[in-house]
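Spelled out from the first residue to the last, the chains are:
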Amino acid sequence: MSTGFQGKFHRQNMLSRLAKDLVRRSRSKCELCEKSGVKLEALELLPLEEEPCVDGSIFICDECHKQIITPKKMIPAHWRCLNNALWSEVPAVQVMSVRILRRLEKSGHHWAEELLENAYLEPELEEWSLQAD
Ligand SMILES: [Zn+2]
């Protein structure tokens with residue numbers, strides 16, 4: 001089994017092969033903030049599947065990506081977009097939206113708490129959402 005840099009490279013490579021499906025699914029708009037005309041990239045949700053797959057990934061812009069992987073850089077106002085993303089028909093987008101809102105809720109953002117109260121996740125998605133933050 002490959003590990004370290006090679007393993008990571010290999011995974012990135014497999015992930016990039018999903019791009020065509022992700023472009024179609026997202027209609028070339030960031031699946032979280034709906035920005036279009038920008039470069040989008042796939043982000044896999046944790047916990048990782050054995051192999052990258054479309055259903056386990058979201059297709060998002062640099063700004064969303066940066067704020068997700070570096071929580072210290074989170075700009076709460078940016079995430080008002082989750083008001084829509086929460087109701088996405090893509091399960092991975094719903095799960096990521098809930099995870100981000102939970103982070104915001106923890107740091108005291110009341111509006112995030114309100115959105116979460118009104119959100120609905122199917123039980124298996126709820127479980128998925130709790131497997132990482
Ligand atoms: Zn975005």
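Residue numbers here run from 1 along each chain, matching the order of that chain's written sequence. Side-chain atom pairs in this predicted model are given and counted only at pLDDT of 80 or more, local residue features only at pLDDT of at least 70, and totals for whole chains, interfaces and linings cover all residues. Side-chain calculation: all heavy atoms of the structure are included, whereas hydrogens and water are not.

What to know about the coordination of the zinc ion
Moving on, step 1. The donor set covers N, O and S atoms within 2.8 Å of the metal, switching to 3.2 Å for Na, K and Ca, and it leaves out water, so a site may look short of donors. Coordination of the zinc ion by the protein comes from C30 (SG), C33 (SG), C61 (SG) and C64 (SG), over a distance range of 2.3 Å.
Moving on, step 2. Geometry at the zinc ion is tetrahedral, judged from the four donor atoms that bind it and their angles of 106 to 116° at the metal.
Moving on, step 3. In primary-sequence terms, the residues that donate to the zinc ion follow C-x2-C-x27-C-x2-C. Labels for metal geometry use angle windows, namely 85 to 135 degrees for all angles of a four-donor tetrahedral site, and for square planar (four donors) or octahedral (six donors) sites opposite donors over 155 degrees apart plus all others within 65 to 115; sites meeting none of these are irregular.

Regarding unusual backbone geometry
Moving on, step 1. Omega for the peptide link from L46 to P47 comes to -10°, which places this bond in the cis form.
Moving on, step 2. Numbered from the N terminus, helices here are DSSP runs of H or I no shorter than four residues, and strands are runs of E no shorter than two. Within the secondary structure layout, P47 lies in the loop between β1 (40–44) and β2 (57–61).
Moving on, step 3. Positioned with a positive phi, R27 is a non-glycine residue whose angle comes to about 50°.
Moving on, step 4. Considering the arrangement of structural elements, one finds R27 in the loop between α2 (19–26) and β1.
Moving on, step 5. Here E34, not a glycine, exhibits a phi torsion of approximately 65°, which is positive.
Moving on, step 6. The residue E34 is located in the loop between α2 and β1 in this model.
Moving on, step 7. Partly exposed describes any residue whose relative accessible area lies between the buried limit of under 20% and the exposed limit of over 50%, with all areas from a 1.4 Å probe on protein chains only and scaled to the type maximum. Judged by its relative accessible area of 41%, E34 falls in the partly exposed class.

Let's talk about the side chain of R99
Moving on, step 1. Tracing the backbone through its elements, the reader meets R99 in helix α5 (residues 91–106).
Moving on, step 2. Using a relative accessible area of 3% as the deciding quantity, one classes R99 as buried.
Moving on, step 3. Whenever two N or O atoms come within 3.5 Å, that pair is a polar contact, provided that in protein one can donate a hydrogen and the other can accept it, and provided that, for residues adjacent in sequence, both atoms are side-chain atoms. A distance of 2.9 Å separates a polar side-chain atom of R99 from the backbone oxygen of L46.

A word on the pattern of salt bridges
Once their charged atoms are close, side chains differing in charge can pair, the charge on each being opposite to the other.
Moving on, step 1. Put simply, a salt bridge is a Lys or Arg side-chain nitrogen that is within 4 Å of an Asp or Glu carboxyl oxygen. With the rule as written, the count across this model stands at five salt bridges.
Moving on, step 2. Across the pair R25 and E31 runs a salt bridge, and its minimum N-O distance is 2.9 Å.
Moving on, step 3. What makes R25 partly exposed here is its relative accessible area of 22%.
Moving on, step 4. The closest approach of N and O atoms between R102 and E126, which form a salt bridge, is 3.4 Å. Highlighted residues: R102 in helix α5 and E126 in helix α7 (residues 123–129), separated in sequence by 24 residues.

Everything listed is a geometric property; what it means functionally is a separate question.
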